[in-house]
Amino acid sequence: MRKKLVAGNWKMFFTPPAAKKFAEEMKTKLDTPDVDAVLCVPYVSLQTVKDALAGSNVKVGAQNVHYMDEGAYTGEISCEMLASMGVPYVIIGHSERRERFGETDTTVNLKTLKALKHGIIPIICVGESQRQRRENRTANVLRKQIAFALDEISPKAMKNVVIAYEPIWAIGTGEVATLEQAEEACALIRKQIEERMGSEAAEDTRILYGGSVTPENAKALFAMPNIDGGLVGGASVKPSFEQVVRCE
Ligand code: 13P
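Read on for an overview of the structure. In this text the structure is predicted, and so the values were computed from the model without any measurement.

**Some thoughts on the site of the ligand**
The immediate surroundings of the ligand are formed by 13 residues, with Lys11, His94, Gly172, Ser212 and Gly234 found nearest. Lysine 11 places a polar side-chain atom, nitrogen or oxygen, 2.8 Å from an oxygen atom of the ligand. One of the backbone nitrogen or oxygen atoms of glycine 233 is found 2.9 Å away from an oxygen atom of the ligand. Alone, the ligand offers 310 Å² of accessible surface; in the complex the protein occludes 95% of this. A molecule is said to occupy a pocket when more than half its atoms come within 2 Å of that pocket's grid points, and by this definition the ligand occupies the second largest pocket. Counted by class, the shell around the ligand contains four nonpolar, seven polar and two charged residues.

Next comes the structure, spelled out in structure tokens:
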């Protein structure tokens, strides 16, 4: 049985003091034995939020990482740095980073391999654009993104890999995928993992849905057989994130 995972992606919201306050207020509310709750916060708030969450099972995560160990990469952060802080999760290949910051399928793979090497759980984002869906290319797009992302990753490692299916047209738009669309895409991803790595790896992998998840639609989405939780943007910086995490 896969344990549900609900990760909040704060994106570029909350100053460190505001992050501290929110994390302190939410930590017991988000702490539930049934669900792994994660707050993926801006780098500058990682330590603050980690400290604020101490004593609870809620974990902190980063929103990006570089794939090199060290070097002249101004403004970047390495997996070793995150690991040394005790950051257990990192989002990799979010569509905002793919679209606006030149992230590619290749860098997603390099980052994933490096995160796993440092014992950090990658939350790998995949998903099609509105146009790709309209042109019936969703399956092909997902297939390519997954094939690249998981290149050279062993079946055994998949229990420490999280995939987030985030259709780009559903991110921040209020237009959530239907249960059927979300389930179909997540099932397809699981099938592909099975074909590549076998059924055990496919059963081990947690696959999340992301895109306009709210307290109103979370429960039904997360109850679908191939959806193991969510990656949540806007609704994760509000107190009602509690209802999303608890699937109430
Ligand atoms: P929203 O939940 O705001 O649509 O954002 C989804 C997302 O991008 C999570 O990574």
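**Things to note about the packing of aromatic side chains**
This structure, assessed with the given rule, holds four aromatic pairs. A ring pair is formed by phenylalanine 14 and phenylalanine 22, whose centres lie 5.1 Å apart and whose planes are at 40°; its orientation type is tilted. Its relative accessible area of 28% is what places phenylalanine 14 among the partly exposed residues. The buried category is assigned to phenylalanine 22, whose relative accessible area is 6%.

**A look at the side chain of histidine 66**
Within the secondary structure, histidine 66 sits in the loop between β3 (59–62) and α3 (79–85). Judged by relative accessible area, histidine 66 falls into the buried class, the value being 11%. Excluding residues within four positions of it along the chain, histidine 66 makes contact with Tyr73, Glu76, Ile77, Ser78, Cys79 and Lys111.

**Side note on the environment of glycine 71**
Tracing the sequence through the fold places glycine 71 in the loop between β3 and α3. Using a relative accessible area of 57% as the deciding quantity, one classes glycine 71 as exposed. Residues glycine 71 and glutamate 135 lie 64 residues apart in sequence; the distance between their C-alpha atoms is 42 Å.

**Describing the layout of surface pockets**
The volume enclosed by the largest pocket comes to roughly 600 Å³. Lys11, Met12, Gln63, Arg97 and Phe101 are the residues nearest the centre of the largest pocket, which is lined by 18 residues in total. Tallying contributions element by element places helix α4 (residues 95–100) first for the lining of the largest pocket, with three residues. Classifying every residue of the lining of the largest pocket gives eight nonpolar, five polar and five charged.

Conventions we followed
Residues numbered from 1 in each chain as written. Predicted model: local features only at pLDDT ≥ 70, side-chain atom pairs only at ≥ 80, totals over all residues. Heavy atoms only, no water. Near = heavy atom within 4 Å. Polar contact = N/O pair within 3.5 Å; in protein donor to acceptor, adjacent residues only side chain to side chain. Areas by Shrake-Rupley, 256 points an atom, 1.4 Å probe, with all protein chains shown as cover. 1 Å grid on protein atoms, 1.4 Å probe; cavity = no way out; pocket = protein on both sides within 12 Å on 5 of 7 lines; lining within 4 Å. Sits in = over half its atoms within 2 Å of the grid points. Nonpolar A, V, L, I, M, F, W, Y, C, P; charged D, E, K, R; others polar. Phe/Tyr/Trp six-rings, centres within 6.5 Å; stacked < 30°, edge-to-face > 60°. Buried < 20%, exposed > 50% of the residue type's maximum accessible area, 1.4 Å probe, protein only. Helix = DSSP H or I, 4+ residues; strand = E, 2+ residues; numbered from the N terminus. Contact = heavy atoms within 4.5 Å. Points joined across faces, edges and corners; volume = space filled by probe spheres on them.

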